[in-house]
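Summary of the model geometry
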Amino acid sequence: MNIGQNMSSPLLKIENLHKSFGALEVLRGVDLTVSKGEVVSLIGSSGSGKTTSLRCVNLLEDYDDGVVAIDGEQIGYQTGNGNRIRRSEKEIAAQRSMTGMVFQQFNLFPHISALDNVTLGLIKVKKLGKVEATAVAERWLERVGLIDHRNHFPSQMSGGQQQRVAIARAIAMSPKLMLFDEVTSALDPELVSEVLNVIQDLATEGMTMLLVTHEMQFAHEVSNKVVFMHEGKIVEEGPPKIIFKNPETRRLAEFLKRSKF
Amino acid sequence: MNYNFNFDAVWRNFDLLMSGLGLGLALALVSIAIGCVLGLLVAFGMISKNRFLRVISGIYISWIRNTPILVLILFVYFALPQTGFMLGKIESFIFTLSIYSGAYLAEVFRSGLVSLSPGIRESGLAIGLTEFKIKRYLIIPIMFRNVLPSLSNNFISLFKDTSLAAAIAVPELTFYARKINVETFRVIETWLVASAIYIVACYAIAALLRSFERKLAIPGRGHK
Amino acid sequence: MDIKYFLSEAWIARSALFEGMLSTLEISLIAILVGSLLGVFVGLLLTYGNIYLRFLIRIYTDFLRGTPVFVLILACFYILSIIGIQLNAFQAGVFALTLFCSSHVGEIFRGALLAIPVGQTEASKSIGLTFRQTFFSVLLPQALRQILPTWVNTATEIVKASTLLSIIGVAELLLSAQQIISRNFLSLEFYFFVGFLYFLINYSIEKLGRYFERKVAIPS
């Protein structure tokens with residue numbers, strides 16, 4: 001249930017998050033908060049658990065223990081009397097519209113146009129009428145610079161364009177929190193900046209964001225807080241100036257060296 | 001539904017069913033073997049530079065694949081004799097199934113040939129092999145391994161088509177099943193057993209072909 | 001081979017041939033439509049059902065695919081009347097062909113669903129779509145486009161299999177032709193002619209299929 005939000009309570013609160021894939025424990029007690037308007041980057045090597053953590057926020061991955069809560073509302077489960085019950089699929093679907101996610105592989109719907117990709121959620125989930133949905137979608141496509149491509153299909157667009165449509169699709173749903181899962185890793189280098197620019201704009205306008213990224217330079221520029229994960233735990237976190245210039249832990253220093261930052 | 005299951009009638013005639021299965025397998029084997037040779041020739045015809053060959057091969061494949069096999073069987077056995085081309089039941093069926101297989105296998109081989117990299121032929125030429133030798137030692141062996149899964153599916157399908165030999169009274173499995181059914185009235189038991197025999201035979205053939213695939217597989221290729 | 005004689009005989013028999021053709025089309029249409037609908041359902045259960053359901057459906061499809069169509073038709077013809085379901089030869093034959101079609105369509109539909117990248121479902125989830133919405137708006141449109149060529153192939157297989165109903169006495173095109181042949185002994189001409197008619201039917205189905213493929217294709 002909604003406890004009600006005051007200015008100091010975080011938008012996203014992750015407490016003691018645990019998750020295993022079979023015998024492999026991938027998250028070993030992750031604690032993370034993201035405040036409204038904050039931009040947080042998750043960095044770390046592959047297998048550190050950063051993507052898994054992200055995917056627990058909108059329950060694309062179930063988590064085994066701990067709490068993930070947005071605006072005080074626990075995601076995916078309800079805890080009562082020390083017991084944890086999974087919410088119904090309908091409730092979970094409704095909770096997922098509090099967040100918007102952008103994927104590494106874009107995952108645009110290939111059989112419909114860019115415009116329809118963005119309006120689908122507006123019509124089916126937000127229950128907007130076609131006219132209103134189209135207006136909202138076109139506004140966002142304009143924001144990401146692709147209004148002229150609104151009737152094009154994903155296969156007719158470059159990777160960078162597809163990813164920008166994917167961003168529009170996610171953000172048109174007016175989520176409280178945007179989740180970015182290595183969104184530039186699958187792009188040709190010359191297409192990366194067009195996507196990063198859009199994300200930078202959104203950040204400047206106050207969108208709350210959690211990013212998993214390998215783009216250290218970008219993380220340094222756009223984030224309020226950088227979180228370094230290693231083997232399922234948060235090892236160090238702090239403002240980008242400190243994290244990137246003066247890492248406290250040896251692990252982080254080694255990681256940064258290997259990432260050539 | 002008052003039906004007393006009694007499998008005795010079927011077990012008593014089990015040897016008939018088994019001989020029918022044996023004949024069916026034999027028919028399939030011979031027809032598929034001929035069909036493979038025919039299919040290979042037609043496949044090469046489809047990709048030949050000679051326009052006439054391409055057209056003839058295309059017509060053959062298109063015609064046979066769009067004609068019901070029963071019509072072909074009846075045509076060869078009942079109609080062709082009018083032109084003097086007379087064959088006994090079994091020979092006639094093998095003739096028909098061979099031509100039928102040829103059309104389907106030609107399509108499998110054709111797509112297999114087309115998907116081969118042209119570098120194979122070129123490297124063969126570079127070491128001085130003749131076109132024929134290239135086909136014999138390089139193209140066909142490699143292509144064959146590539147199309148084995150598709151080939152297996154076709155083989156099993158063609159084996160099931162041997163059931164149609166019963167239409168011209170060839171004593172294979174379906175023919176005997178129908179005979180037993182009509183004579184003993186043990187309807188459910190007969191067809192259950194006949195069906196089971198076909199299913200088991202198909203599984204066995206599939207397993208055999210899969211082990212072939214593994215034996216012949218090019219090491220390092222394909223899914224783990 | 002006297003063409004004139006054949007043509008005059010064909011003309012005399014035109015209504016029988018026409019009735020036979022209609023019957024063939026009727027058999028095929030029912031089997032294909034009902035069988036495909038059933039097949040989509042089967043494919044769904046195979047992909048999303050729980051382990052027990054999947055096991056049962058697997059038995060269903062393996063049974064139908066390992067058995068020759070001919071055996072299926074004969075089995076339905078003889079068995080159904082014994083267990084109290086009174087079906088005439090036509091109905092029994094169509095029943096068998098419908099089941100046959102459903103197992104094939106079920107298999108190819110399952111394949112198509114599995115071929116859709118998991119990212120599609122994840123993206124749908126992430127914007128809050130329920131499974132039902134995801135299936136109808138995202139998965140089904142992609143799966144149907146994917147199976148179109150193979151489904152057309154299955155349809156032509158059903159048309160060809162309809163000839164087997166002649167053996168249980170259904171007056172479709174092949175049996176009609178055989179009855180004509182028994183009168184005038186023009187087996188060469190009429191078998192050839194009927195073969196040609198089937199060829200036309202299947203060729204038209206293929207052409208229709210390719211037309212639809214182009215029409216619903218995603219622009220690229």
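Being a predicted model, the structure only gives us computed values, none of them experimental. (Residues numbered from 1 in each chain as written. Chains lettered and ligands numbered in written order. Predicted model: local features only at pLDDT ≥ 70, side-chain atom pairs only at ≥ 80, totals over all residues. Heavy atoms only, no water.)

**Structural notes on the environment of Leu158(B)**
Residues and elements named next belong to chain B. Counted only if it meets this: Working definition: helices are DSSP H or I runs of at least four residues, strands are E runs of at least two. Numbering for both runs from the N terminus. Throughout this description, buried means an accessible area under 20% of the type-specific maximum (1.4 Å probe, protein chains only), exposed means over 50%, and partly exposed covers the range between.
Within the secondary structure layout, Leu158 lies in helix α7 (residues 131–161). Classification of Leu158 as buried rests on a relative accessible area of 2%. C-alpha of Leu158 to C-alpha of Ser101: the two residues are 57 residues apart in sequence and 7.0 Å apart in space.

**As for the interface of chain C and chain B**
Stated precisely, the cut-off is as follows: Any two residues having at least one pair of non-hydrogen atoms within 4.5 Å are treated as being in contact. What gets called buried area is simply the loss in accessible area from a 1.4 Å probe that two parts show on being joined, summed for both. Salt bridges are defined by distance alone: a side-chain nitrogen of Lys or Arg within 4 Å of a carboxyl oxygen of Asp or Glu. Two N or O atoms count as a polar contact when they lie within 3.5 Å, although within protein this holds only if one can serve as hydrogen donor and the other as acceptor, and sequence-adjacent residues are included solely when both atoms are side-chain atoms.
Taken together, the contact between chain C and chain B spans 35 residues of the former and 36 residues of the latter. Roughly 3,200 Å² is buried in total at the junction of chain C and chain B, and carbon and sulfur atoms are behind 71% of that figure. Considering only the side of chain C, the residues that lose the most area to chain B are Tyr78(C), Leu188(C) and Tyr191(C), jointly responsible for 18% of the buried surface there. Scanning the region where chain C abuts chain B turns up zero salt bridges. Across the chain C-chain B interface, the total number found is nine residue pairs in polar contact (both at pLDDT 80 or more). The set of elements that each furnish at least two residues to the side of chain C that touches chain B consists of α3 (51–66), α4 (69–82), α7 (131–161), α8 (173–184) and α9 (187–216) of chain C.

**Concerning the pairing of strand β10 (residues 209–212) of chain A**
All names here are of chain A. Put simply, the rule reads: DSSP-based pairing: two strands are paired if at least 2 bridges between them are found. When the strands point away from the viewer, a crossover counts as right-handed if the path from the first strand over the helix to the second runs clockwise.
With burial as the criterion, each face of β10 is covered, one bearing Met209 and Leu211 and the other bearing Leu210 and Val212. Alignment of strand β3 (residues 39–43) against β10, held across four bridges, turns out to be parallel. Following the sheet pairing, Leu42 is matched in β10 by Val212. As defined by bridge partners, strand β9 (residues 177–181) adjoins β10 across four bridges and the pair is classed as parallel. Within β10, the residue paired with Phe180 across the bridge is Leu211. Handedness of the crossover joining β9 and β10 through helix α6 (residues 189–204): right-handed.

**Some words on the interface of chain C and chain A**
Accessible area lost during the coming together of the parts is what is often quoted as the interface size. This is how it is decided: When residues are grouped by polarity, Ala, Val, Leu, Ile, Met, Phe, Trp, Tyr, Cys and Pro land in nonpolar, Asp, Glu, Lys and Arg in charged, and all others, Gly among them, in polar.
Every contact between the two is made by 20 residues of chain C and, on the other side, 24 residues of chain A. Summing both partners gives a buried area of about 1,900 Å² for chain C against chain A, and 63% of it is carried by carbon and sulfur. Glu122(C) serves as the salt-bridge partner of Arg55(A), at 2.6 Å between the closest nitrogen and oxygen. Run the count over chain C and chain A and you get six residue pairs in polar contact (both at pLDDT 80 or more). Of all the secondary structure elements, the ones that give two or more residues to the side of chain C that touches chain A are α6 (118–126) and α7 of chain C. Take the side of chain C that touches chain A: its biggest share by element is seven residues, from α6(C). Split by residue class, the side of chain C that touches chain A holds seven nonpolar, 10 polar and three charged.

**Quick look at the sheet that holds strand β8 (residues 99–102) of chain A**
Residues and elements named next belong to chain A. Worth spelling out the cut-off: Geometry is summarised by axes, namely lines fitted to C-alpha atoms with helices restricted to the contacting stretch, and by angles between N-to-C directions that run from 0 to 180 degrees.
Strand order in the open sheet made by the six strands is β8-β9-β10-β3-β11-β12, with mixed pairing throughout. Because the sheet does not close on itself, it has two edges, and the strands there are β8 and β12 (233–238). Going from strand to strand, the sheet's axes swing by 20 degrees on average, the running direction of each strand aside. Against the sheet, α6 engages β3, β9 and β10, with an angle of about 150 degrees to β10. Along the sheet, helix α9 (residues 250–258) contacts β3, β11 (225–230) and β12; its crossing angle with β11, the most-contacted strand, is approximately 100 degrees.

**Examining the pattern of salt bridges**
Residues and elements named next belong to chain C. The final tally for this structure, using the stated rule, is 22 salt bridges over all chains. For Glu107, the salt bridge goes to Arg110, with nearest N and O atoms at 3.2 Å. On the criterion of helical spacing, the pair formed by Glu107 and Arg110 is a turn pair, its members being three residues apart in helix α5 (residues 89–115). Residue classification places Arg110 among the partly exposed residues on the basis of a relative accessible area of 24%.

**Notes on the packing of aromatic side chains**
Defined as follows: Under the pairing criterion, centres of Phe, Tyr and Trp rings, with the six-membered ring standing for Trp, must be within 6.5 Å; the plane angle then separates stacked pairs below 30 degrees from edge-to-face pairs above 60, leaving the rest tilted. The criterion for a charge sitting over a ring is simple: Lys NZ or Arg CZ within 6 Å of the ring centre, and within 35 degrees of the ring normal.
Tallied over the entire structure, the rule returns 20 aromatic pairs over all chains. An angle of 50 degrees between the planes, with centres 6.4 Å apart, marks the rings of Phe75(B) and Phe192(C) as tilted. You can see Phe75(B) sitting in helix α4 (residues 69–79) and its partner Phe192(C) sitting in helix α9, one on each of two chains. You can call Phe75(B) buried: its relative accessible area is 17%. Look at Phe192(C) and you get partly exposed, because its relative accessible area is 48%. Their ring planes at 70 degrees and their centres at 5.6 Å tell us that Phe6(C) and Phe193(C) sit as a pair that is edge-to-face. Highlighted residues: Phe6(C) in helix α1 (residues 3–12) and Phe193(C) in helix α9, separated in sequence by 187 residues. Judged by its relative accessible area of 11%, Phe6(C) is buried. Taken together, the aromatic side chains of Tyr48(C), Phe131(C), Phe135(C) and Phe136(C) make up a single cluster linked through ring pairs. Here Arg169(A) stacks its cationic end above the ring of Phe109(A), 4.6 Å away from the centre of that ring.

**As for a nonpolar patch on the surface**
The cut-off we apply is this: Only residues whose relative accessible area exceeds 30% and that take part in no salt bridge are eligible for patches, with like-charged residues grouped when within 9 Å of each other and nonpolar side chains (Val, Leu, Ile, Met, Phe, Trp, Tyr) grouped when within 5 Å. Only the protein chains shown count as cover for residues, with accessible areas throughout obtained via the Shrake-Rupley method and a probe of 1.4 Å.
Taken together, the side chains of Val55(B), Ile59(B), Trp63(B) and Phe192(C) present a nonpolar region at the surface, about 400 Å² in accessible area. Looking at which element gives the most residues to the nonpolar patch, the answer is helix α3 (residues 51–66) of chain B, with three residues. The residue Trp63(B) is located in helix α3 in this model. Since its relative accessible area comes to 41%, Trp63(B) is described here as partly exposed.

**Digging into the packing of helix α2 (residues 14–46) of chain B against helix α9 (residues 187–216) of chain B**
Residues and elements named next belong to chain B. Here is the rule: Angles below 35 degrees are treated as roughly parallel, those above 145 as roughly antiparallel, those between 65 and 115 as roughly perpendicular, and all remaining angles as oblique. Should the near helix be turned counterclockwise from the far one by less than a right angle, the crossing is left-handed, whereas a clockwise turn marks it as right-handed.
At a minimum axis separation of 11 Å, α2 and α9 run at an interaxial angle of 40 degrees. Between α2 and α9, the angle is such that the two are oblique. By crossing handedness, the relation of α2 to α9 is classed as right-handed. Counted together, Phe14, Leu17, Met18, Leu21 and Leu25 of α2 and Val193, Ile197, Ala201 and Ile205 of α9 form the full contact between these two elements. Of the residues in the contact of α2 with α9, the class split is nine nonpolar, no polar and no charged.

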